[in-house]
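# Fold and geometry: a report
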Amino acid sequence: MNINVDFAEAAGGKGFPRSLGTFLLNPCFHAVALFRLSALLYRCHLEPLAKIVWCLNRMLYHVDLDYKAKLAPGFRLVHGLGVVIGAGVVSEGPLTVYQGVTIGGSHGRHREDGRGGVFWKPHFGSNVIVYTNSCIFGPIYVGDGAIVKAARIVTKDVGPGDKI
(Lines give C-alpha, C1' and ligand atoms only; values in the text may rest on other atoms or scores of the structure.)
Protein backbone atom coordinates (compact mmCIF):
# COMPACT_ATOMS: atom_id res chain seq x y z
CA MET A 1 0.00 0.00 0.00
CA ASN A 2 1.32 3.45 -0.92
CA ILE A 3 0.82 5.04 2.49
CA ASN A 4 3.07 2.45 4.16
CA VAL A 5 5.98 3.35 1.88
CA ASP A 6 5.22 7.06 2.32
CA PHE A 7 5.30 6.61 6.10
CA ALA A 8 8.62 4.75 5.96
CA GLU A 9 10.08 7.64 3.92
CA ALA A 10 8.71 10.23 6.35
CA ALA A 11 9.98 8.32 9.40
CA GLY A 12 13.41 8.00 7.81
CA GLY A 13 14.23 4.63 9.37
CA LYS A 14 13.72 5.87 12.92
CA GLY A 15 12.87 3.42 15.67
CA PHE A 16 9.44 3.01 17.23
CA PRO A 17 9.22 6.03 19.55
CA ARG A 18 10.33 8.50 16.88
CA SER A 19 8.29 6.88 14.12
CA LEU A 20 5.23 7.16 16.36
CA GLY A 21 5.99 10.88 16.60
CA THR A 22 6.05 11.05 12.79
CA PHE A 23 2.68 9.34 12.61
CA LEU A 24 1.08 11.62 15.21
CA LEU A 25 2.87 14.95 14.79
CA ASN A 26 4.40 15.33 11.32
CA PRO A 27 2.22 17.69 9.23
CA CYS A 28 4.06 16.80 6.01
CA PHE A 29 3.19 13.13 6.48
CA HIS A 30 -0.42 14.10 7.26
CA ALA A 31 -0.59 16.12 4.02
CA VAL A 32 0.68 13.12 2.03
CA ALA A 33 -1.83 10.84 3.79
CA LEU A 34 -4.69 13.20 2.88
CA PHE A 35 -3.43 13.28 -0.72
CA ARG A 36 -3.48 9.46 -0.81
CA LEU A 37 -7.02 9.45 0.59
CA SER A 38 -8.29 11.98 -1.96
CA ALA A 39 -6.59 10.05 -4.81
CA LEU A 40 -8.22 6.83 -3.59
CA LEU A 41 -11.63 8.47 -3.47
CA TYR A 42 -11.11 9.79 -7.01
CA ARG A 43 -10.13 6.33 -8.30
CA CYS A 44 -13.31 4.96 -6.65
CA HIS A 45 -15.35 7.47 -8.70
CA LEU A 46 -16.17 9.57 -5.63
CA GLU A 47 -14.85 12.85 -7.03
CA PRO A 48 -16.98 15.13 -4.80
CA LEU A 49 -15.50 13.47 -1.70
CA ALA A 50 -12.02 13.62 -3.24
CA LYS A 51 -12.44 17.38 -3.73
CA ILE A 52 -13.52 17.82 -0.11
CA VAL A 53 -10.40 16.01 1.16
CA TRP A 54 -8.24 17.99 -1.30
CA CYS A 55 -9.74 21.24 0.01
CA LEU A 56 -9.21 20.15 3.61
CA ASN A 57 -5.56 19.42 2.80
CA ARG A 58 -5.17 22.93 1.34
CA MET A 59 -6.72 24.57 4.38
CA LEU A 60 -4.90 22.56 7.04
CA TYR A 61 -1.43 22.14 5.53
CA HIS A 62 -1.21 24.81 2.81
CA VAL A 63 -0.37 22.33 0.06
CA ASP A 64 -2.17 21.82 -3.24
CA LEU A 65 -1.68 18.17 -4.16
CA ASP A 66 -4.18 17.42 -6.92
CA TYR A 67 -5.87 14.07 -6.46
CA LYS A 68 -5.44 13.35 -10.19
CA ALA A 69 -1.64 13.32 -9.87
CA LYS A 70 -0.08 9.85 -10.00
CA LEU A 71 2.68 9.87 -7.39
CA ALA A 72 4.43 6.57 -6.77
CA PRO A 73 4.91 5.18 -3.26
CA GLY A 74 7.65 6.94 -1.34
CA PHE A 75 6.40 10.47 -2.05
CA ARG A 76 7.83 12.76 0.62
CA LEU A 77 7.23 16.40 1.50
CA VAL A 78 9.94 18.21 3.46
CA HIS A 79 8.67 21.48 4.95
CA GLY A 80 5.77 21.25 2.53
CA LEU A 81 4.22 24.70 2.87
CA GLY A 82 3.25 26.21 -0.46
CA VAL A 83 3.79 23.08 -2.56
CA VAL A 84 1.63 22.79 -5.69
CA ILE A 85 1.45 19.59 -7.73
CA GLY A 86 -1.06 19.65 -10.56
CA ALA A 87 -3.31 17.03 -12.08
CA GLY A 88 -1.53 14.78 -14.54
CA VAL A 89 1.88 14.89 -12.85
CA VAL A 90 3.43 11.40 -12.73
CA SER A 91 6.28 9.95 -10.68
CA GLU A 92 7.58 6.45 -11.30
CA GLY A 93 9.34 6.13 -7.94
CA PRO A 94 10.12 8.01 -4.76
CA LEU A 95 9.90 11.78 -5.18
CA THR A 96 11.07 14.25 -2.52
CA VAL A 97 9.72 17.79 -2.68
CA TYR A 98 10.71 20.76 -0.53
CA GLN A 99 8.85 23.94 0.42
CA GLY A 100 7.40 26.25 -2.20
CA VAL A 101 7.79 23.92 -5.19
CA THR A 102 5.36 24.23 -8.09
CA ILE A 103 4.97 21.36 -10.55
CA GLY A 104 2.45 21.68 -13.35
CA GLY A 105 1.61 21.89 -16.99
CA SER A 106 2.00 24.43 -19.68
CA HIS A 107 -1.25 25.30 -21.41
CA GLY A 108 -1.38 24.12 -24.99
CA ARG A 109 1.92 22.19 -24.93
CA HIS A 110 1.88 18.40 -25.03
CA ARG A 111 4.00 15.54 -26.34
CA GLU A 112 3.89 11.81 -26.88
CA ASP A 113 5.23 9.58 -24.13
CA GLY A 114 6.68 6.91 -26.44
CA ARG A 115 4.00 4.39 -25.45
CA GLY A 116 1.20 5.73 -27.60
CA GLY A 117 -0.04 8.24 -25.02
CA VAL A 118 0.17 12.00 -24.73
CA PHE A 119 1.11 14.02 -21.67
CA TRP A 120 1.17 17.71 -20.81
CA LYS A 121 2.60 17.72 -17.26
CA PRO A 122 6.01 16.75 -15.86
CA HIS A 123 6.90 13.07 -15.60
CA PHE A 124 9.46 12.04 -12.95
CA GLY A 125 11.66 8.97 -12.75
CA SER A 126 12.66 7.36 -9.45
CA ASN A 127 14.52 9.00 -6.56
CA VAL A 128 14.15 12.57 -7.79
CA ILE A 129 14.66 15.49 -5.38
CA VAL A 130 13.20 18.94 -6.03
CA TYR A 131 14.54 21.61 -3.69
CA THR A 132 12.94 24.78 -2.32
CA ASN A 133 11.06 27.23 -4.54
CA SER A 134 11.75 25.42 -7.81
CA CYS A 135 9.19 25.43 -10.60
CA ILE A 136 8.86 22.60 -13.11
CA PHE A 137 6.52 23.26 -16.02
CA GLY A 138 5.36 21.54 -19.17
CA PRO A 139 5.51 18.12 -20.75
CA ILE A 140 9.03 17.23 -19.64
CA TYR A 141 10.87 14.20 -18.27
CA VAL A 142 12.98 14.42 -15.13
CA GLY A 143 15.20 11.33 -15.13
CA ASP A 144 15.98 8.85 -12.34
CA GLY A 145 18.11 10.28 -9.55
CA ALA A 146 17.95 13.83 -10.88
CA ILE A 147 18.25 16.77 -8.50
CA VAL A 148 16.60 20.12 -9.15
CA LYS A 149 18.41 22.71 -7.06
CA ALA A 150 16.68 25.52 -5.18
CA ALA A 151 14.97 28.37 -7.03
CA ARG A 152 15.25 26.83 -10.51
CA ILE A 153 12.72 27.13 -13.30
CA VAL A 154 12.74 23.96 -15.40
CA THR A 155 10.99 23.78 -18.78
CA LYS A 156 13.23 21.24 -20.57
CA ASP A 157 14.03 17.58 -19.95
CA VAL A 158 16.47 16.68 -17.18
CA GLY A 159 18.63 13.60 -17.73
CA PRO A 160 19.08 10.77 -15.25
CA GLY A 161 21.40 11.80 -12.40
CA ASP A 162 21.65 15.41 -13.60
CA LYS A 163 21.91 18.21 -11.06
CA ILE A 164 20.49 21.43 -12.39
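All of the points below concern the structure found in this document. (Residues numbered from 1 in each chain as written. Predicted model: local features only at pLDDT ≥ 70, side-chain atom pairs only at ≥ 80, totals over all residues. Heavy atoms only, no water.)

So, on to the packing of helix H3 (residues 27-43) against helix H4 (residues 47-61). Where H3 meets H4, the axes come as close as 7 Å, and the angle between the chain directions of the two elements is 165°. Classed by the angle they form, the pair H3 and H4 counts as roughly antiparallel. Like other packed secondary-structure pairs, H3 and H4 cross with a definite hand, here left-handed. Only Glu47, Leu49, Ala50, Val53, Trp54, Asn57 and Tyr61 of H4 make contact with H3, whose side of the interface consists of Pro27, His30, Ala31, Leu34, Phe35, Leu37, Ser38, Leu41 and Tyr42. Looking at the contact of H3 with H4, its residues break down into twelve nonpolar, three polar and one charged. (Axes fitted to C-alpha atoms, helices over the stretch in contact; angles between N-to-C directions. Helix = DSSP H or I, 4+ residues; strand = E, 2+ residues; numbered from the N terminus. Parallel < 35°, antiparallel > 145°, perpendicular 65-115°, else oblique. Left-handed = near helix turned anticlockwise from the far one by under 90°. Contact = heavy atoms within 4.5 Å. Nonpolar A, V, L, I, M, F, W, Y, C, P; charged D, E, K, R; others polar.)

The next thing to look at is the environment of Gly159. Within the fold, Gly159 resides in the segment after strand E14 (153-154). Along the chain, Gly159 and Thr96 lie 63 residues apart, while their C-alpha atoms are 17 Å from each other.

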